[in-house]
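Chain and residue survey
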Amino acid sequence: MRFLLDAEQREFAASLDAMLTAADTPSVVRDWSRGDHTSGLALWRRIAEAGVFALAVPEAYEGLGPRPLELALAFVELGRHAVPGPLVETVTAATLLASPDDTGPAKRLLPALAAGETMATVARDHGYALDGDAAGLRLSLTAEGLRLSPGHGPVRSSLDPARRLTPLDPGGELLATEPPLAPALLLARLTTAAQALGVGLALLDRTVAHVKQRTQFGVPIGSFQAVRHQLADAKIALEFARPLVLGAALTMAGEDVAAAKVTACEAAYATARTALQLHGAIGYTAEYDLSLWLTKARALRTAWGSPEECRDTVLSGGGRRW
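Since the structure is predicted, the reported quantities are computational estimates derived from the model, not experimental observations.

Scanning the protein chain for helices and strands turns up eleven helices and eight strands. Taking 20 Å as the expected radius of gyration for a compact globule of 322 residues, we find that the protein chain reaches 19 Å, a close match to that expectation. Along the first, second and third principal axes, the C-alpha atoms of the protein chain reach 65 × 45 × 35 Å. In the protein chain, once contacts between residues fewer than 6 apart in sequence are set aside, the share between residues at least 24 apart is 70%. As displayed, the protein chain offers around 14100 Å² of accessible surface, 54% of which is attributable to carbon and sulfur atoms. Positive and negative side-chain charges of the protein chain, numbering 31 and 35 respectively, have mean locations separated by a distance of 6 Å.

Taken as a whole, this structure holds eleven salt bridges when the rule is applied. Close ionic contact of arginine 34 with aspartate 31 constitutes a salt bridge, the shortest N to O distance being 2.4 Å. One salt bridge connects arginine 301 with glutamate 266, and the closest N-O pair in it is separated by 2.4 Å. Placement of arginine 301 in helix H10 (residues 290-302) and of glutamate 266 in helix H9 (residues 254-279) is noted, with a sequence separation of 35 residues between them. Several salt bridges share partner residues, and in doing so they unite Lys235, Glu239 and Arg242 into one network.

At a minimum axis distance of 10 Å, the contact between helix H7 (residues 181-213) and H10 shows a crossing angle of 145°. In the crossing of H7 with H10, the sense of the turn from one axis to the other is left-handed. Taken together, the residues of H10 that come into contact with H7 (itself represented by Thr192, Gln195, Ala196, Val199, Ala202, Leu203 and Arg206) are Leu290, Trp293, Leu294, Lys296, Ala297 and Leu300. A per-class count over the contact of H7 with H10 returns nine nonpolar, two polar and two charged.

A separate point is the packing of aromatic side chains. Scanning the model with the defined rule gives one aromatic pair in all. Ring geometry for tryptophan 44 and phenylalanine 53: centres 4.5 Å apart, planes at 20°, overall stacked. We note arginine 301 situated over the ring of tyrosine 269; from NZ or CZ to the ring centre the distance is 4.4 Å.

Here we take up the confidence of the model for the protein chain. The pLDDT averaged across the protein chain works out to 94; a share of 97% of its residues lies at or above 70. At the low end of the mean pLDDT range in the protein chain sits strand S7 (residues 215-216), at 88; at the high end sits helix H4 (residues 68-80), at 98.

So, on to unusual backbone geometry. Residue proline 66 is reached from glycine 65 by a cis peptide bond, and omega for that bond is 5°. If you trace the backbone, proline 66 turns up in the loop between helix H3 (38-49) and H4. With a phi angle near 55°, aspartate 24 is a residue other than glycine that sits in the positive phi range. Its location among the elements puts aspartate 24 in the loop between helix H1 (7-22) and helix H2 (25-33). Here aspartate 24 falls in the partly exposed class, since its relative accessible area comes to 43%. Positive phi, close to 60°, is recorded for tryptophan 304, a residue that is not glycine.

Across the sheet, four strands lie side by side as S1-S3-S4-S6; this open sheet has mixed pairing. Looking at strand neighbours, the two that pair on one side only are strand S1 (120-124) and strand S6 (173-176), the edges of this open sheet. Adjacent strand axes in the sheet meet at a mean angle of 30°, parallel and antiparallel pairs treated alike. Direction of pairing for strand S4 (residues 145-148) relative to S6: antiparallel, over a ladder of three bridges. Note on S6: the bridge partner recorded for arginine 147 is leucine 174. Across the face of the sheet, helix H5 (residues 87-97) comes into contact with S1, strand S3 (137-142), S4 and S6 while running at roughly 75° to S1.

Each value, and the rule that gives it
Residues numbered from 1 in each chain as written. Predicted model: local features only at pLDDT ≥ 70, side-chain atom pairs only at ≥ 80, totals over all residues. Heavy atoms only, no water. Helix = DSSP H or I, 4+ residues; strand = E, 2+ residues; numbered from the N terminus. Rg over C-alpha atoms; globule rule 2.2 N^0.38 Å. Contact = heavy atoms within 4.5 Å. Areas by Shrake-Rupley, 256 points an atom, 1.4 Å probe, with all protein chains shown as cover. Lys, Arg positive; Asp, Glu negative; His and termini not counted. Charge placed at Lys NZ, Arg CZ, Asp CG, Glu CD. Salt bridge = Lys/Arg side-chain N within 4 Å of Asp/Glu carboxyl O. Axes fitted to C-alpha atoms, helices over the stretch in contact; angles between N-to-C directions. Left-handed = near helix turned anticlockwise from the far one by under 90°. Nonpolar A, V, L, I, M, F, W, Y, C, P; charged D, E, K, R; others polar. Phe/Tyr/Trp six-rings, centres within 6.5 Å; stacked < 30°, edge-to-face > 60°. Lys NZ or Arg CZ within 6 Å of the ring centre and 35° of its normal. pLDDT = per-residue confidence, 0-100. Buried < 20%, exposed > 50% of the residue type's maximum accessible area, 1.4 Å probe, protein only. Pairing = 2+ DSSP bridges.

Structure, rendered in structure tokens:
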């Protein structure tokens, strides 16, 4: 069977790419890293207007979803442009809130997520939440269930400057005693995989452009066989990951999503290492835009499941672990 995206899906991805290209996301990322959320929130609303977050919200709560395949396509573009903010956490929160046995919190909170009026973040087992200072909806997963955290602690820096970590305050309203953890984890891993794939594709594109311009011995270094081999390896790894991500979005089986997550994140991480090597010293500088994707590739590698955890899931036949 040959799987191809239809025209509407391709146009959706292309429209997001065009919008984000015009948005100058590197400057948005740098503002976000400094704690200035103004440009990031404006971009967030534009992404919501394109329907991205509504794809994770059921139609009963003013959404369009759940539509995992379209979400995966969107997150590839979000990763390609290094969009900051709790993107994965917001769609994960939408799944956690859409509990079939308790629609009260869903009716109250999900329409705002779908419309982009607020962003959400999620912390597990009293851990750190991503961008708790920017999120209007802070969810904590505790032994009692899903709680609406009343606030957050001090902001902590992370490997990726655009991923700002905050502890969430304990207590708060108990939203659900048995939230749908397994579906939420699947969507978190799928969108993380898609985002990592987009990061890897951006790193490859930027590196190919760089080796065509950088010269040694009077010729572009891209003409060297060793350089070509490294770029070819990165290209093959990313192209192998792409059908796994899209296929997992269709099946939403635990082992398929875990395989997609580990393959896409490892491909992006390997591409980041290649990009850094071929750029040389300039690749290490925070002022150079490449760093925005380099640090994100490393951070996404362990987000929502380390490579070891995902491999264990694949080997165990899809056993899900939160």
